[in-house]
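Survey of secondary and tertiary structure
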Amino acid sequence: MGVRVRRPSPELRPVLLRAAVVLRRWWPEMALGFGVVIAILGPVLRRGFVLRYDLVFVPDPPFGAMVWGSGSELPRAVPSELLAVGLSQLVPADVAEKLLLGGCLALAAVGAARLAPVSHPVARIAAGLAYVWNPWVYGRLHLGQWAVIAGYAALPWAFSWVLGVLRPPPDGFGPRRRSAVAGGLTVVLGGPAMVLAAVLACAPALALARQWRAVVAGAATLVGLTAPWWLALVNRGGAVGLDERGVAAFAVRPDTPLGALGSVGTLGGIWSRHAVPPGRDQWLVALLALALAGAALWGYVLTRRRWPSAAWWGLLVGAVLGTVIAVAPAWSVGLHWMVALVEHVPLAGAVRDGTRLLAPLALVQAVGLGMLAESLATAGARAWAPLVVVAPLVLLPGLAWGLGGQLDTVRYPKEWSAVRADVNGDPAGGSLVSLPWSSFRAYQWAGNVPVLDPASRAFQRPVIGDQDVLVGRDRIRGESREADRVAAVLAAPDDPGPALRRLGVRYVLIQTDQPDGAQVEARFANAEVVRRDGALTLLRLPGADFVESTGRIGIVPLLGYSVLGATLLITLLHRPQRA
């Protein structure tokens with residue numbers, strides 16, 4: 001008796017056929033995205049949090065002051081923090097963290113693979129892998145800057161939109177326009193620096209093609225997408241006082257024997273010596289990396305006939321401009337120029353870490369390596385094409401398997417949940433001060449890896465902590481006026497409680513497992529001990545309760561996110577005419 005195979009319903013047939021077509025056309029990119037995530041994040045794809053420098057997720061995060069940009073620090077985490085907290089409402093926060101990390105890496109690899117004007121599967125994989133497997137991504141992942149990587153991942157999708165404006169690509173070259181727009185919108189997660197990187201990559205091409213309507217549309221879109229950030233900044237009032245020493249502190253540091261320019265040309269030069277991939281200081285590795293960068297530029301030259309002239313020149317111009325801005329502070333003349341820029345141009349200090357602007361150069365090199373691989377595969381030198389694919393892996397083995405085992409998962413001690421419940425359950429207003437007074441923590445239960453204070457994300461009310469950053473031996477002053485006032489109170493020898501209460505502080509959280517943490521509590525003579533649990537001590541300062549509630553959302557955050565939402569809807573639903 002034969003087995004009857006049930007055919008799909010007529011309604012499902014078009015959907016299944018389209019899925020089959022997408023799988024057949026996109027299988028190299030899909031395999032690459034999955035493989036990159038496993039290869040880099042494999043050891044941390046289990047339950048638990050990855051805590052490292054700027055990478056800070058907390059269990060059950062509230063929609064607190066940092067999400068709305070109303071905390072004491074500059075609103076750099078707007079709107080990326082809303083995405084992180086919102087996703088954490090749907091899945092556990094540690095799972096949300098892995099989804100965002102893996103999604104950023106996959107989006108970057110797939111976007112670059114689809115952007116490259118190549119059709120051979122090996123060439124597409126070469127382009128996507130080169131865009132992810134490089135010292136730039138290593139450094140940002142080491143520093144835990146997942147939002148910056150998200151902005152980096154959006155760059156190839158944003159440029160795909162530019163190509164669609166200039167000339168709809170042939171069948172099979174580049175993602176469809178709607179997907180390009182959707183992927184490119186994530187650039188806003190990377191903050192001002194990555195938005196500038198996208199402008200450098202996309203605006204020259206549109207300007208060279210005299211597509212002024214597209215330039216205006218793109219500028220309006222960026223204004224709408226960044227509304228939560230700039231409205232929160234305007235709402236702070238007054239100028240942003242940036243420490244000029246930060247320009248030199250975050251300047252390019254040569255991480256190869258090739259000097260600053262050679263390091264930057266091979267997508268390195270990050271300011272933190274701890275974020276340099278191992279082996280970059282060896283001559284052989286440096287010279288091979290330089291040779292690979294040269295081969296990538298030659299491959300980019302080969303794409304000259306496959307892209308519109310304005311697109312080809314535009315991306316190259318953007319890469320050159322980004323490289324110049326990144327490397328300028330490494331020399332005395334450029335350093336003075338950047339210091340003057342920070343002094344007189346508002347928000348110029350947001351791009352003090354100029355190596356973030358190497359993203360367009362990374363895209364040029366990725367496209368070039370993809371083109372080089374296709375040229376080898378179709379010119380009778382197929383045996384050499386796989387070498388182009390594996391070259392980034394050979395030169396940077398330290399990126400694999402959690403940065404060579406540096407990434408690990410941890411769990412928060414139970415006292416964090418108890419203290420968070422006490423503070424978030426109090427409807428009275430007032431902020432919380434986190435002590436000891438230091439911007440970074442090192443927890444024994446988290447492997448003693450430096451990490452930003454999790455308190456700023458754990459509580460719904462504003463959290464005031466030290467905003468200064470130590471870079472080597474230099475202390476770079478933060479930009480928070482509230483933090484400066486609290487620091488002045490703490491510097492006085494008397495009981496800081498009454499003065500902090502006058503500044504609107506209701507709670508003081510003391511982390512006693514940090515240096516000098518055990519001695520801090522003795523200074524608060526009249527504070528009420530709400531909870532002393534494990535390494536956390538929660539104090540409530542005496543005085544009249546504040547009238548305002550911590551659960552209120554100001555009109556400025558609501559306006560900013562309303563503009564963002566409207567911009568997203570208009571951009572995704574708009575059906576542009578073909579150029």
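In short, a report on the structure. Nothing here was measured: the structure is a model prediction, and the numbers come from that model. (Residues numbered from 1 in each chain as written. Predicted model: local features only at pLDDT ≥ 70, side-chain atom pairs only at ≥ 80, totals over all residues. Heavy atoms only, no water.)

1. Brief notes about the overall build of the chain
- When helices and strands are tallied, the chain shows 25 helices and 9 strands.
- For the chain, the spread of C-alpha atoms along the three principal axes comes to 80 × 75 × 45 Å.
- Within the span of the chain, comprising 579 residues, buried residues form 55% of the whole.
- Within the chain, contacts between residues at least 6 apart in sequence are counted, and of these 78% link residues at least 24 apart.
- Positive and negative side-chain charges in the chain, numbering 53 and 36 respectively, have mean positions lying 15 Å apart. (Helix = DSSP H or I, 4+ residues; strand = E, 2+ residues; numbered from the N terminus. Buried < 20%, exposed > 50% of the residue type's maximum accessible area, 1.4 Å probe, protein only. Contact = heavy atoms within 4.5 Å. Lys, Arg positive; Asp, Glu negative; His and termini not counted. Charge placed at Lys NZ, Arg CZ, Asp CG, Glu CD.)

2. Overview of the environment of G497
- You can see G497 is positioned in helix 23 (residues 497-502).
- Among the residues examined, G497 registers a relative accessible area of 9% and is labelled buried.
- Along the primary structure G497 and A251 are separated by 246 residues, whereas in three dimensions their C-alpha atoms are 39 Å apart.
- Setting aside chain neighbours within four positions, we find G497 in contact with F524 and L541.

3. Some remarks on the environment of Y131
- Note on placement: Y131 falls in helix 5 (residues 121-132).
- Sequence spacing of Y131 and Q365 is 234 residues, and the spatial spacing of their C-alpha atoms is 7.7 Å.
- Ignoring anything within four residues of it in the chain, the contact list for Y131 reads A108, A112, V137, Y152, L155, P156, A359, A362, L363 and A366.

4. Here we look at the pattern of salt bridges
- For the coordinates displayed, the defined rule picks out 17 salt bridges.
- A salt bridge links D422 to R531; the nearest nitrogen and oxygen atoms lie 2.6 Å apart. With D422 in helix 20 (residues 414-424) and R531 in strand 8 (residues 528-533), the pair connects residues that are 109 residues apart, well separated along the chain.
- Residue classification places D422 among the partly exposed positions, given a relative accessible area of 25%. (Salt bridge = Lys/Arg side-chain N within 4 Å of Asp/Glu carboxyl O.)

5. So, the sheet that holds strand 7 (residues 505-511)
- Here we have 5 strands laid out as an open sheet, ordered 4-1-7-9-8, and mixed in their pairing. Single-partner strands in this sheet number two, and they are strand 4 (463-464) and strand 8. (Pairing = 2+ DSSP bridges.)

6. Notes on the state of the cysteines
- Inspection of the entire model under this criterion finds 0 disulfides.
- Between C104, a free cysteine, and C202, which holds the nearest cysteine sulfur, the sulfur-to-sulfur gap is 18 Å.
- Since its relative accessible area comes to 8%, C104 is described here as buried. (Disulfide = S-S within 2.5 Å.)

7. Some remarks on the packing of helix 11 (residues 227-236) against helix 25 (residues 555-573)
- Following both chains from N to C, one finds helix 11 and helix 25 inclined at 155°, their axes separated by 8 Å at the closest point. Comparing the axis directions of helix 11 and helix 25 gives the class roughly antiparallel. Our pair here, helix 11 against helix 25, has a crossing hand that is right-handed. Of the residues in helix 25, those in contact with A227, P228, L231, A232 and N235 of helix 11 are V556, L559, G560, Y561, V563 and L564.
- Counted by class, the contact of helix 11 with helix 25 contains 9 nonpolar, 2 polar and no charged residues. (Axes fitted to C-alpha atoms, helices over the stretch in contact; angles between N-to-C directions. Parallel < 35°, antiparallel > 145°, perpendicular 65-115°, else oblique. Left-handed = near helix turned anticlockwise from the far one by under 90°. Nonpolar A, V, L, I, M, F, W, Y, C, P; charged D, E, K, R; others polar.)

8. Description of the packing of aromatic side chains
- Within this structure, the stated rule accounts for 16 aromatic pairs.
- Between Y412 and W445 the ring centres are 5.3 Å apart and the planes differ by 50°, which places this aromatic pair in the tilted class. Of this pair, Y412 sits in the loop between helix 19 (400-405) and helix 20 while W445 is found in the loop between strand 2 (440-441) and strand 3 (451-452), placing the two residues 33 residues apart along the sequence.
- Site record: aromatic cluster; members linked through ring pairs are F49, Y412, W416, Y443 and W445. (Phe/Tyr/Trp six-rings, centres within 6.5 Å; stacked < 30°, edge-to-face > 60°.)

9. Structural notes on helix 5
- Taking 1.5 Å per residue as the helical rise, helix 5 with its 12 residues ought to reach 16 Å, and the 17 Å between its terminal C-alpha atoms agrees with that figure.
- The buried fraction of helix 5 amounts to 9 of the 12 residues, a majority that puts the element mostly inside the structure.
- Of all the positions in helix 5, only A123, R124, A126, A127, G128, L129, A130, Y131 and V132 are classed as buried. (Expected span 1.5 Å × (residues − 1).)

10. Quick notes on unusual backbone geometry
- Across the junction of V78 and P79, the peptide omega takes the value 0°, indicating a cis bond.
- Structurally, P79 can be placed in the loop between helix 2 (65-68) and helix 3 (80-90).
- For the bond from L435 to P436, the omega torsion is 0°, close enough to zero to count as cis.
- Along the chain, P436 turns up in the loop between strand 1 (431-435) and strand 2.
- Phi is positive for Y53, close to 50°, though the residue is something other than glycine.

Just geometry here; none of it tells us what the structure is for.
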